Amino acid sequence: MSTIILGIESSCDDTSAAIIKDGILLSNVIASQSVHEEYGGVVPELASRAHQQNIVPVVDTAIKRAGIEKADLSAIAFTRGPGLLGSLLVGTSFAKGLSLGLRIPIVDVNHLHGHVLSHFIRRNPDDTVPEYPFICLLISGGNSQIILVKNYNDMEVLGQTIDDAAGEAFDKCAKVMGLPYPGGPHIDRLATEGDASRFKFSKPHIPGLNYSFSGLKTSFLYTLRDAKKLDPDFIEKNKADLAASLQRTIIEILLDKLKKAIDLTGVKTVAIGGGVSANSGVRQAIADYCDKHGLNAFIPERAFTTDNAAMVAIAGYYKYLAGDFCHYNAVPYARITI
Ligand code: KG4
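Residues numbered from 1 in each chain as written. Predicted model: local features only at pLDDT ≥ 70, side-chain atom pairs only at ≥ 80, totals over all residues. Heavy atoms only, no water.

Undergrad: I keep staring at the site of the ligand and nothing clicks. Help me out?
TA: Among the 18 residues in the neighbourhood of the ligand, the closest are listed as Gly141, Asp171, Asp188, Gly275 and Asn279. Taking Gly141, its main chain carries an N or O atom lying 3.0 Å from an oxygen atom of the ligand. Measuring from an oxygen atom of the ligand, one finds a backbone N or O atom of Gly167 at 3.3 Å. When the free accessible area of the ligand is taken as 550 Å², the share hidden by the protein chains comes to 84%. The set of elements that each furnish at least two residues to the shell around the ligand consists of helix H4 (166-176) and helix H5 (184-191). Taken together, the residues of the shell around the ligand break down into five nonpolar, ten polar and three charged. (Near = heavy atom within 4 Å. Polar contact = N/O pair within 3.5 Å; in protein donor to acceptor, adjacent residues only side chain to side chain. Areas by Shrake-Rupley, 256 points an atom, 1.4 Å probe, with all protein chains shown as cover. Helix = DSSP H or I, 4+ residues; strand = E, 2+ residues; numbered from the N terminus. Nonpolar A, V, L, I, M, F, W, Y, C, P; charged D, E, K, R; others polar.)

Given below as structure tokens:
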């Protein structure tokens, strides 16, 4: 008999549902929330309300697009954390209610595990997936971690940011440039037209495998503040070069520690995940490095870099196969680590 998992993701500002059948993705529906744009960041209460409006049609559409019936489902996987509590409550409560109605189990998924395991989502049976152990560079708006992935449920954080995440560095610097939120994709687009060697920003000098991005942010801020005193149009005139130089610096910081982790562990496979792994420069740099050093690189489809339920469904699929179910008294967590 087939194993069919409904995945539900509602940790931040995307309501998403996906169906995975025997490890193969049948549908992945995402409703993004534009309501936050005018505030320059996600407003938690507005996010929960939008999830409540979106969740029924999103799940319904995912089931229809997959060409299955609700009665075919084996289990429901949902994101339990980390994320915004109000948002997580919507997905968690919905998963519990539907599972009681259908008399099928629920499986709780750590959102960060989902990002790491997104590389196991197959569209076709012969799609290749990473072999354990591998290193995953998880870079998003809230995290920058180097993770040694030993199994679907056995992950060790080798290094992580001690202040800002890589996505925050993109977003905060973009905000100083007057770009809309989230700024990462705007920097990515502008960087393609700019000279990446034009500006130099500070890089951290901290030992070990941890990251730090707050010094870069400060140095970017001061460069712009001082230059604007001399020329009020400085940002507008130099935005492509600023974006390209900022992106290059972030990539150099990311790669520096990643290379150390690869050397230390001797792993042969490297994957990236999280919102920042959609960045063209990051993708190219990782692919080039792996190519040059004979490593296998797993670069996710852009659809699987940001929050999506396909990754929740695949993480839930492996837990389901292991009989690792969740109790109805499980509550969401705002913060959990790997
Ligand atoms: O994983 P994600 O969707 O959720 C959070 O952890 O919040 O990541 C969102 C982050 C934001 O900081 C956004 O600016 C960044 O991913 N991002 C990018 C790109 N696309 C999204 N950063 C750089 N280049 C991109 N193309």
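Undergrad: So what exactly am I meant to see when it comes to the side chain of Asp13 here?
TA: Position of Asp13 relative to the elements: it lies in the loop between strand S1 (4-9) and strand S2 (14-21). Despite its burial, Asp13 remains without a salt bridge, the nearest opposite charge being carried by Lys175 at 15 Å. Beyond its immediate stretch of four places on either side in the chain, Asp13 contacts Ala31, Ser32, Gln33, His36, Val42 and His51. (Buried < 20%, exposed > 50% of the residue type's maximum accessible area, 1.4 Å probe, protein only. Lys, Arg positive; Asp, Glu negative; His and termini not counted. Salt bridge = Lys/Arg side-chain N within 4 Å of Asp/Glu carboxyl O. Contact = heavy atoms within 4.5 Å.)

Undergrad: Would you explain the pairing of strand S4 (residues 75-81) in this entry?
TA: A regular strand places its side chains on the two faces of the sheet in alternate fashion. Most of S4 sits out of view: seven of its seven residues are buried. As paired elements, S1 and S4 share four bridges and run parallel to each other. Counted as the bridge partner of Gly7 is Ala77 from S4. The pairing of S4 with strand S5 (residues 106-110) spans five bridges and is classified as parallel. In the strand pairing of S5, Thr79 is matched with Val109. Running through helix H2 (residues 85-102), the crossover from S4 to the neighbouring parallel element S5 is right-handed. (Pairing = 2+ DSSP bridges. Right-handed = clockwise from strand over helix to strand, strands pointing away.)

Undergrad: Mind showing me how you'd approach H4 here?
TA: Each α-helix turn comprises 3.6 residues. Residues three or four places apart therefore point the same way. Looking only at H4, the buried set comprises Ala166, Gly167, Ala169, Phe170, Asp171, Cys173 and Ala174. Where the residues of H4 are buried, they touch strand S6 (134-139), strand S7 (144-151), H5, helix H6 (214-230) and helix H7 (234-265). Following H4 by one or two positions, Gly178 adopts a phi angle in the positive range, close to 85°.

Undergrad: What am I meant to see in the packing of aromatic side chains here?
TA: Given two aromatic rings, one states the distance between the centres and the angle between the planes to describe the pair. Taken as a whole and judged by the stated rule, the model has eleven aromatic pairs. Note on Phe120 and Tyr318: the rings are 6.0 Å apart at their centroids and 80° apart in plane angle, and the pair reads as edge-to-face. In this pair, Phe120 sits in the loop between helix H3 (111-117) and S6 while Tyr318 sits in helix H9 (residues 309-321), placing the two residues 198 residues apart along the sequence. For the pair Phe120 and Tyr318, one class covers both residues: buried. With a centroid separation of 6.0 Å and 35° between ring planes, the pair formed by Tyr152 and Tyr318 is classed as tilted. (Phe/Tyr/Trp six-rings, centres within 6.5 Å; stacked < 30°, edge-to-face > 60°.)

Undergrad: Help me understand the nonpolar core, please; the structure alone is not making it clear to me.
TA: Within soluble globular proteins, side chains that are nonpolar generally end up buried alongside one another. One finds Leu137, Met177, Phe213, Leu242, Leu254, Leu258 and Ile286 to be the most contacted residues of the largest nonpolar core, which totals 48 residues. Listed by contribution, the elements that provide at least two residues to this core are S6, S7, H4, H5, H6, H7, strand S9 (269-273) and helix H8 (280-292). Ranked by residue count, the leading element in this core is H7, at 14 residues. In terms of nonpolar packing, the next biggest core, distinct from the first, is built from 32 residues, Leu138, Met155, Phe304 and Val312 among them. (Core = buried A, V, L, I, M, F, W, Y, C linked by side-chain atoms within 4.5 Å.)

Undergrad: Help me understand the state of the cysteines in this model?
TA: As used in these notes, a disulfide is a covalent bond between sulfur atoms, one from each of two cysteines. Per the counting criterion, the structure on display carries zero disulfides. The thiol of Cys136 is not disulfide-bonded; the next cysteine sulfur, from Cys290, is found 12 Å away. (Disulfide = S-S within 2.5 Å.)

Undergrad: Quick question: what am I supposed to make of the sheet that holds strand S8 (residues 154-160) here?
TA: As a general point, the strands of a sheet are linked pairwise by backbone hydrogen bonds and lie either parallel or antiparallel. If you walk across this open sheet you meet the five strands as S8-S7-S6-S9-S10, and the pairing is mixed. This sheet does not close on itself; its edge strands, each paired only once, are S8 and strand S10 (296-298). On average, adjacent strands in this sheet sit at an angle of 25° to one another, irrespective of strand direction. Sitting on the sheet, H7 is in contact with S6, S7, S8 and S9, with an inclination near 160° to S6. (Axes fitted to C-alpha atoms, helices over the stretch in contact; angles between N-to-C directions.)

Undergrad: Help me out: how do you make sense of H5 in this one?
TA: Among the residues making up H5, those that are buried are Gly184, Ile187, Asp188, Leu190 and Ala191. Among the structural elements, H4, H7 and H8 are those in contact with the buried residues of H5.

Undergrad: Looking at this model, I keep getting lost on the side chain of Ser74. Mind explaining?
TA: The residue Ser74 is located in the loop between helix H1 (44-66) and S4 in this model. According to the relative accessible area criterion, Ser74 is buried, its value standing at 9%. Sequence-distant contacts of Ser74, that is, excluding residues within four places in its chain, are made with Ser2, Thr3, Ile4, Ile104, Pro105 and Tyr320.

Undergrad: Help me understand the environment of Ser144 in this model?
TA: Here Ser144 lies in strand S7. You can call Ser144 buried: its relative accessible area is 1%. In sequence terms Ser144 and Lys64 are 80 residues apart; their C-alpha atoms lie 36 Å from each other. Aside from chain neighbours lying at most four places away, what touches Ser144 is Leu138, Ile139, Gly159, Gln160, Thr161, Ala165, Ala166, Tyr211 and Phe213. A polar contact is formed between the side chain of Ser144 and the backbone nitrogen of Ala166, at a distance of 2.7 Å.

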